[in-house]
Amino acid sequence: MKQVRLGRNAVLVDRNHHGALIHEPPEFTARNGQRNSVIGLDATDREHLWELAIGQNVERRDIHETPRARREFLQQTLNLQVVQTTPHTKTYEGSKKGRNFDGDIALVRAVAEEYGAGRLRQDTLTSTSKPGVITTKVVQQEIEDEIEDDISAIDHYGNVTGSNAMGELNLGVVVGCQHFGDYTVEKWAALAGEQVSRTGRGEALDYGCPTGNAYLKHMRQDQTLQAVLRFGCDEEGAIVFAHTAALHEDLPVVGDGAVVRAFSESTQEVARTAQQFRDQEFTVSDLVDTVDCSRRTVRRVLAELSEMGYLERHDPGDGLANEYHTIDEPGSGDVELPTIDTLGTQTRENDHPGQDSLEQYYTWFVRDPSPQDEDRSQHGVGTATLPAPDEVTAGPPPG
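Predicted, not measured: the structure shown is a model, and the values here were computed from it.

Caption draft 1: Spatial organisation of the pattern of salt bridges. Scanning the entire structure with this criterion turns up eleven salt bridges. Close ionic contact of Glu-304 with Arg-300 constitutes a salt bridge, the shortest N to O distance being 3.6 Å. Remark: Arg-300 and Glu-304 occur in helix α10 (residues 295-307); sequence separation between them is four residues, near one turn of the helix. The same class applies to Glu-304 as to Arg-300, namely buried. Shared partners join several salt bridges into a network, and the residues in it are Asp-45, Arg-60, Asp-62, Arg-70 and Asp-250.

Caption draft 2: Highlighting the confidence of the model for the chain. Of all residues in the chain, 77% attain a pLDDT of 70 or more, and the chain-wide mean is 77. Of all the helices and strands in the chain, strand β14 (residues 363-366) carries the lowest mean pLDDT, 28, while strand β5 (residues 132-135) carries the highest, 96. This model gives residues 342-399 a pLDDT under 50, and the stretch forms 127 contacts once residues within four places in sequence are excluded.

Caption draft 3: Representation of the nonpolar core within the structure. With 20 residues, the main nonpolar core has Val-133, Ile-143, Ile-147, Val-173 and Phe-241 as its most contacted residues. Listed by contribution, the elements that provide at least two residues to this core are α3 (102-115), α4 (137-147), β7 (171-175) and β8 (238-243). With five residues, α3 is the single largest residue contributor to this core. Core analysis: the next-biggest nonpolar cluster, separate from the first, contains 19 residues, Ala-227, Val-228, Leu-247 and Val-253 among them.

Caption draft 4: Structural context of a nonpolar patch on the surface. Where nonpolar side chains cluster on the molecular surface, the patch consists of Val-4, Leu-6 and Val-13 and spans about 230 Å² of accessible area. Looking at Val-4, the relative accessible area reads 34%, which means it is partly exposed.

Caption draft 5: Focus on the sheet that holds strand β3 (residues 20-23). Strand order in the open sheet made by the three strands is β1-β2-β3, with antiparallel pairing throughout. Two strands bound the open sheet, and with one partner strand each, they are β1 (2-6) and β3. Neighbour-to-neighbour, the strand axes of this sheet turn through a mean angle of 20°, independent of strand direction. Two elements, strand β2 (residues 9-13) and β3, share four bridges in a ladder whose sense is antiparallel. Across the sheet, residue Val-11 finds its bridge partner in β3, namely Ile-22. Across the sheet, helix α6 (residues 182-191) touches β1, β2 and β3, and the angle it forms with β2 is around 135°.

Caption draft 6: Examining the pairing of strand β4 (residues 80-84) more closely. For β4, a buried count of five out of five residues is recorded, marking the element as mostly surrounded by other parts of the structure. Here β4 shows no split at all, with Leu-80, Val-82 and Gln-84 on one side and Gln-81 and Val-83 on the other all buried.

Caption draft 7: Region of the structure containing helix α8 (residues 265-274). Among the ten residues that make up α8, seven are buried, leaving the element largely enclosed by the rest of the structure. Residues of α8 that are buried: Ser-266, Thr-267, Gln-268, Val-270, Ala-271, Thr-273 and Ala-274.

Caption draft 8: Seen up close, α6. Among the residues of α6, Thr-184, Val-185, Ala-189, Ala-190 and Leu-191 are the ones counted as buried. Taken together, the buried residues of α6 touch β1, β2, β3, α1 (47-54) and α7 (210-228). Positive backbone phi, at 75°, marks Gly-193, one or two positions downstream of α6.

Caption draft 9: Quick peek at the packing of α1 against α7. One way to put it is that α1 packs onto α7 with a least axis distance of 9 Å and a crossing angle of 105°. The angle between α1 and α7 falls in the class roughly perpendicular. Contacts between α1 and α7 pair His-48, Leu-49 and Leu-52 from the former with Thr-211, Ala-214, Tyr-215 and His-218 from the latter. Considered class by class, the residues forming the contact of α1 with α7 number four nonpolar, three polar and no charged.

Caption draft 10: Here's a closer look at the environment of Ser-152. Within the secondary structure, Ser-152 is located in the loop between α4 and β6 (153-156). In sequence terms Ser-152 and Met-166 are 14 residues apart; their C-alpha atoms lie 8.9 Å from each other. In this structure, Ser-152 is in contact with Lys-130, Pro-131 and Leu-169, ignoring residues within four places of it in sequence.

Caption draft 11: Highlighting the packing of aromatic side chains. Summed over the entire model, instances satisfying the criterion amount to six aromatic pairs. Joined through ring pairs, the aromatic side chains of Phe-180, Trp-188 and Tyr-215 make up one cluster.

Definitions and cut-offs
- Residues numbered from 1 in each chain as written.
- Predicted model: local features only at pLDDT ≥ 70, side-chain atom pairs only at ≥ 80, totals over all residues.
- Heavy atoms only, no water.
- Salt bridge = Lys/Arg side-chain N within 4 Å of Asp/Glu carboxyl O.
- Helix = DSSP H or I, 4+ residues; strand = E, 2+ residues; numbered from the N terminus.
- Buried < 20%, exposed > 50% of the residue type's maximum accessible area, 1.4 Å probe, protein only.
- pLDDT = per-residue confidence, 0-100.
- Contact = heavy atoms within 4.5 Å.
- Core = buried A, V, L, I, M, F, W, Y, C linked by side-chain atoms within 4.5 Å.
- Patch = residues over 30% accessible without salt bridge, like charges linked within 9 Å, V, L, I, M, F, W, Y side chains within 5 Å.
- Areas by Shrake-Rupley, 256 points an atom, 1.4 Å probe, with all protein chains shown as cover.
- Pairing = 2+ DSSP bridges.
- Axes fitted to C-alpha atoms, helices over the stretch in contact; angles between N-to-C directions.
- Parallel < 35°, antiparallel > 145°, perpendicular 65-115°, else oblique.
- Nonpolar A, V, L, I, M, F, W, Y, C, P; charged D, E, K, R; others polar.
- Phe/Tyr/Trp six-rings, centres within 6.5 Å; stacked < 30°, edge-to-face > 60°.

Right under this line is the structure:
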């Protein structure tokens, strides 16, 4: 885009001849011509973006002195706890082609099963609600029918801005993050007289200019934070599972938890077929003629389902084929959720100065799929272990 200035106004001309945009900042003057003082309230302000939008310098004042102070306010005063469930950004916008939402469905169901109607916090008898879900419009359209019996409500980012519709829900899931498209980033960069040069993807995405990268954080981290804050708008607070790595530094992330392994179509097909032998033992040969995948794939899937506890494997010896017996039927994914402790009830007097104890309490291990896993639709995962609900950890964090 090319920028042309007309006084305080800016005209952005598309170099590809797709039209032009006129940006006319407000005057902030009363009817009598006197200047008005204006106060903007923004929980996720980007000072530079405000200045571009209103065409004036902005004086920023924060009611909290540090990001740590904001995290402590959210956790100890608003009783908010966030569990990050993936190390990936998961930008769920644009085309649905080639995307697998089974892991997202499995996560929501697991949160509903393991935390719904449970105990919200250690220091209260309040029960958790069924989870509410906030995601992109694309994902909502794909998963809403699949999870309608497991949730209280579902909505998309664009429909919850400034809304308290989910404020009474104390259990939430935020699935994926937003990206408004490169064209929107180019417009904001053009307002600042900057050129965009996009490189990388995911966490490594870079627009090559200060304004473009500031707007990227606005789309991702800021909108995710606003979504998280839609839950628990009462004194009891909320537990929110964030299935994205695009998390604002202000959020009190109490653990890197729940990891989702989405089962491939072949895995789900083999598992469904195995259910016909629920009361008897079976072998690879019993399945291979009734599924649309190779003998090698059937053998691998049965071995993996055995390791995860869905099947019991028996080796009869003497070179005979392994025999299997069904124990449980897997769903659309394998989810392991942590046990959450509220750090707001812990003794914090001995915290080391300069260390943020909100980020120090957790361990996790990663389980990767084998290199031969040609059918895996998403990479393997790990799990987090957090303190049990009735434990109280006193003193400084370990390590």
